[in-house]
Amino acid sequence: MQSSSFLHALKWSTAGELASRVLQPVVFIILAKLLTPEDYGVMAAAVMIISFTNVFWEAGMGKALIQRQTHFHEASTAAFWINVAMSVFFIGLLLVFANSIAIKLFHDARVSDVIRVMTIQIILGALASVPTAILQKQMKFRSLFWVRILTVTIPALFSIPLALAGWSYWAIVAGTLFGQLAQVLILTIICKWKPSFSFNKIIARELIQFGLWVSITGLLVWFFLWADSLVVGAYLGTHDLGLFRTANTFVLMLFDVLFSPLLPVLYSYFSGMQHDREKIKQACMKIVKGIAIISIPLSFLLFALAEPFSQLFFGDKWKGIGYIISLLGIMRGYGWLVGINGEIYRALGRPQYETFIYAFSCIFFLAGYIISIQYGFREFIITRLSLGMASLIPHFYLFRKIVHISLKPVFRTIAITTMVGMLPLLWSYSFQSEEPLLRLFFIAVTSILSMGISIFFLERKFVTGFIKDLLYRQKSKMTIEPAFDNKSNTMNS
């Protein structure tokens, strides 16, 4: 019953991600055509600061609420009021210091106004956190599917016309805020949860104790997501920041469409079976190997396609973005091999382990960023890739210790998929053409076919086993899932 519920939730989570991520790159490329790297740089600088505050309710209270098993209504109410209080505090800080941040950190006064307007997103994010956590805990990813669809469509309806009208970076600001507002309204309607005016201090203290570790980890994750952009913006300005952040966002979108649906489902799923370590161990092995089979070949395919793709879709004003996409793609492809670690640690009630890893690594990352940026933008990108690859070592070590899993089968799959990943590079160098569309098509088709066939034969046992398991789950769903759903509905009512 758990497996059937997991697959059902994963189906809707994946559908939501796919639908939103298919639309998002289209909107992203249209806006890139209409705007400039500098426009994206100004927006990225403001989003960087706003996202810092979002860590506390996205990573802290929300995760603590999902993991909680008792006194859930009191806990959700406490989490809501804690989030609101924190959002008001951060809004006040940013309104006061926005100008200093813009001038001293990014050397661009335009960032100040954008930060002040974007503080609206802070309170909206805080209001959306608890309803989202409740729906995730209840595994209602079908409802979250519709939330994702509408909250991705609405920003596009605002941003593109405003960009055409010459609003520059304000077009993205307006779209982002309207999308966030729509999300809050839709979640309020779907979730049907209302906070009470009571506040249980004991439960609030328990939430804070759990959420503190998650929030600290979230801050460190924020560092890994944004510190490179922060260094680029501070040393090179908003133009290069726009190039770097746009390339990074494009790569993230590509990998997130495939793997990010796993995270909320895995966390909710593992939280419900946190005492059955053997099942968690088996699931982890399958998931990590499955990620490796997809993410590593995809990263090499992106490396081969980056230059013709950027020529075709971004144009001359985005010159140099292909090089950044190619290297960041390799980094993200291998980085997803440890992408589920944090969800597992938190589900097991040990969020501090991921915190220790990130805290240990951030010193080396920051030193590498600051030293390499002195030598130039390209050297910085190469250093960023090298640091990302080196950081896999402590993540794998901790994963093996906590989950008690053998990594030999995983490393074997990584070695195989890395060799298979060389095929796109072979096709890229063997076919040279002045027409980017023709080159893009040839490399994509030959690479996908050759890599797919190679992986099937080299990892045939795993692939066929996964397909058989999936077909079995779908077949058994006809008898298992209705009974489970009726039970869930009775419990929820």
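The structure this text deals with has already been given above.
Given the structure is predicted, the values throughout are model-derived calculations rather than measurements. Within every chain, residues take consecutive numbers counted from 1 along the sequence as written. Under the rules for a predicted model, residues below a pLDDT of 70 receive no local features and side-chain atom pairs below 80 are neither given nor counted, while totals for whole chains, interfaces and linings still include all residues. The side-chain quantities take in all heavy atoms of the structure and omit both hydrogens and water.

Participant: How should I be thinking about the overall build of the chain in this particular structure?
Facilitator: For the chain, the count of helices and strands is 18 helices and zero strands. The cut-offs for exposure are 20% and 50% of the maximum accessible area for each residue type, with area from a 1.4 Å probe on protein chains only; residues under the lower value are buried, those over the upper are exposed, and the others partly exposed. Out of the 493 residues belonging to the chain, those deemed buried represent 55%. Restricting the contact set of the chain to residue pairs at least 6 apart, pairs at least 24 apart contribute 84%. For the accessible areas, the method is Shrake-Rupley and the probe is 1.4 Å, while residue cover comes only from the protein chains on display. For the chain, the exposed surface amounts to about 22400 Å²; the carbon and sulfur share of it is 69%. Helix numbering and strand numbering both begin at the N terminus, where a helix is a DSSP run of H or I of at least 4 residues and a strand a DSSP run of E of at least 2. Here, two residues are considered to be in contact whenever any of their heavy atoms come within 4.5 Å of each other.

Participant: How do you make sense of the packing of helix α16 (residues 408–430) against helix α17 (residues 436–458) when you look at a structure like this?
Facilitator: For the pair α16 and α17, interaxial distance at closest approach is 9 Å and the crossing angle is 155 degrees. By the angle between their directions, the pair α16 and α17 is classed as roughly antiparallel. α17 is crossed by α16, and the crossing has right-handed handedness. Contacts from R412, I416, V420, G421, L423, P424, W427 and S428 of α16 reach α17 at R439, F442, I443, T446, S447, S450, M451, S454, I455 and L458. Working convention: axes come from line fits to C-alpha atoms, limited for helices to the stretch in contact. Angles between N-to-C directions cover 0 to 180 degrees. Roughly parallel refers to an angle under 35 degrees, roughly antiparallel to one over 145, roughly perpendicular to one between 65 and 115, and oblique to any angle outside these ranges. In this scheme the handedness of a crossing depends on how the near helix is turned from the far one: anticlockwise by less than a right angle means left-handed, clockwise means right-handed.

Participant: What is the right way to read the nonpolar core from this model?
Facilitator: Soluble globular proteins: nonpolar side chains tend toward being buried together. Core analysis: the largest hydrophobic core is formed by 125 residues, its most contacted members being I325, I344, F380 and F399. It is helix α10 (residues 277–313) that provides the largest number of residues to this core, a total of 18 residues. For F399, the residues in contact, after removing those within four places along its chain, are C284, V288, N341, I344, Y345, H404, I405 and L407. The definition of a nonpolar core used throughout is a set of buried Ala, Val, Leu, Ile, Met, Phe, Trp, Tyr and Cys residues joined through side-chain atoms within 4.5 Å. One finds A75, A79, F80 and L207 within the second-largest nonpolar core, a separate group that totals 17 residues.

Participant: What's the story with the packing of helix α13 (residues 352–373) against helix α15 (residues 392–403) in this structure? I'm lost.
Facilitator: Helix-helix packing is described using two parameters, namely the angle between the two axes and the distance between the axes. Remark: α13 packs on α15, axes separated minimally by 10 Å, with the N-to-C direction vectors making an angle of 160 degrees. The angle between the axes of α13 and α15 places the two elements in the roughly antiparallel class. Here α13 runs over α15; the crossing is right-handed. Contacts between α13 and α15 pair Y353, E354, I357, Y358 and S361 from the former with P394, H395, L398 and I402 from the latter.

Participant: How do you make sense of helix α11 (residues 321–335) when you look at a structure like this?
Facilitator: Residues that lie three or four places apart on an α-helix share one face, since the helix turns once every 3.6 residues. Each residue after the first adds 1.5 Å to the expected span of a helix. Its 15 residues place the ends of α11 21 Å apart at the C-alpha level, agreeing with the 21 Å of an ideal helix rising 1.5 Å per residue. Burial analysis of α11 places 13 of its 15 residues in the buried class, which makes it a mostly covered element.

Participant: I tried to follow a nonpolar patch on the surface on my own but got confused; where do I start?
Facilitator: On the surface, L157, F158, F178, L181 and L185 cluster together into a nonpolar patch covering about 460 Å² of accessible area. If you list the elements that add at least two residues to the nonpolar patch, you get α5 (141–164) and α6 (169–191). Of all the elements, α6 adds the most residues to the nonpolar patch, at three residues. Exposure above 30% relative accessible area and the lack of any salt bridge qualify a residue for a patch; like charges then connect within 9 Å, and the nonpolar side chains Val, Leu, Ile, Met, Phe, Trp and Tyr within 5 Å. The term salt bridge refers to a side-chain nitrogen of Lys or Arg lying within 4 Å of a carboxyl oxygen of Asp or Glu.

Participant: What is the right way to look at the environment of L440 in this model?
Facilitator: Inspection of the secondary structure assignment puts L440 in helix α17. Separated by 128 residues in sequence, L440 and L312 have C-alpha atoms that sit 9.0 Å apart. What L440 contacts, discounting residues up to four positions off in sequence, is L305, P308, F309, L312 and F313.

Participant: I keep staring at unusual backbone geometry and nothing clicks. Help me out?
Facilitator: With the exception of glycine, the majority of residues adopt a negative phi angle, and the majority of peptide bonds are in the trans configuration. Phi at H107 is positive, roughly 55 degrees, even though this residue is not glycine. Tracing the chain through its elements places H107 in the loop between α3 (72–106) and α4 (110–137). A positive phi angle, close to 50 degrees, is found at S168, a residue other than glycine. As for its position among the elements, S168 is in the loop between α5 and α6.

Participant: Explain the pattern of salt bridges to me, please; I cannot follow it from the model alone.
Facilitator: For side chains bearing opposite charge, pairing can occur when the charged atoms are close. Summed over all chains, the structure comprises five salt bridges. One salt bridge in this structure joins E459 and K289, with 3.9 Å as the shortest N-O distance. Here the residue E459 occupies a position in the loop between α17 and α18 (460–492), and K289 occupies one in helix α10, the gap between them amounting to 170 residues. Note on accessibility: E459 and K289 belong to one class, buried. The salt bridge partner of E459 is R412, with a shortest N-O separation of 3.1 Å. Remark: R412 occurs in helix α16 and E459 occurs in the loop between α17 and α18; sequence separation between them is 47 residues. For R412, a relative accessible area of 45% corresponds to the partly exposed category. Via salt bridges that share partners, E38, D108 and R110 belong to a single interconnected network.

Participant: Where do I start with helix α8 (residues 238–259) in this structure?
Facilitator: The terminal C-alpha atoms of α8, which comprises 22 residues, lie 30 Å apart, in line with the 32 Å expected from a rise of 1.5 Å per residue. Taking burial as the measure, the 22 residues of α8 include 18 buried ones, the bulk of the element.

Participant: What am I meant to see in the packing of aromatic side chains here?
Facilitator: The geometry of an aromatic ring pair comes down to the distance between the two centres and the angle between the two planes. Working definition: rings of Phe, Tyr and Trp (its six-membered ring) pair if their centres are within 6.5 Å, and the pair is stacked with planes under 30 degrees apart, edge-to-face with planes over 60 apart, and tilted otherwise. Evaluated as defined, the whole model comprises 25 aromatic pairs. The interplanar angle of 80 degrees and the centroid separation of 6.4 Å between the aromatic rings of F300 and Y334 together place this pair among those described as edge-to-face. Taken together, the residues span a long stretch of sequence, with F300 in helix α10 and Y334 in helix α11 at a distance of 34 residues. By relative accessible area, Y334 is classed as buried at 8%. Geometry around W226 places R245 over its ring, the cationic atom sitting 3.7 Å from the centre. Sitting over the face of the ring of Y323, R378 holds its NZ or CZ atom 4.0 Å from the ring centroid. Comment: the charge-over-ring label is applied if NZ (Lys) or CZ (Arg) is within 6 Å of the ring centre and within 35 degrees of the ring normal.

Participant: Sorry if this is basic, but what is going on with the side chain of T119 here?
Facilitator: Note that T119 resides in helix α4. By relative accessible area, which is 6% here, T119 ends up buried.

Participant: Please explain the side chain of Q121 as it appears in this structure.
Facilitator: Structurally, Q121 is set in helix α4. Each residue touching Q121, except ones within four places of it in the same chain, is listed here: I50, T176, L177 and Q180.

Participant: Whenever I open this one, the environment of S129 confuses me. Can you help?
Facilitator: Among the secondary structure elements, S129 is positioned in helix α4. The class for S129 is buried, based on a relative accessible area of 10%. The spatial distance from the C-alpha of S129 to the C-alpha of L187 is 9.5 Å, given a sequence separation of 58 residues.

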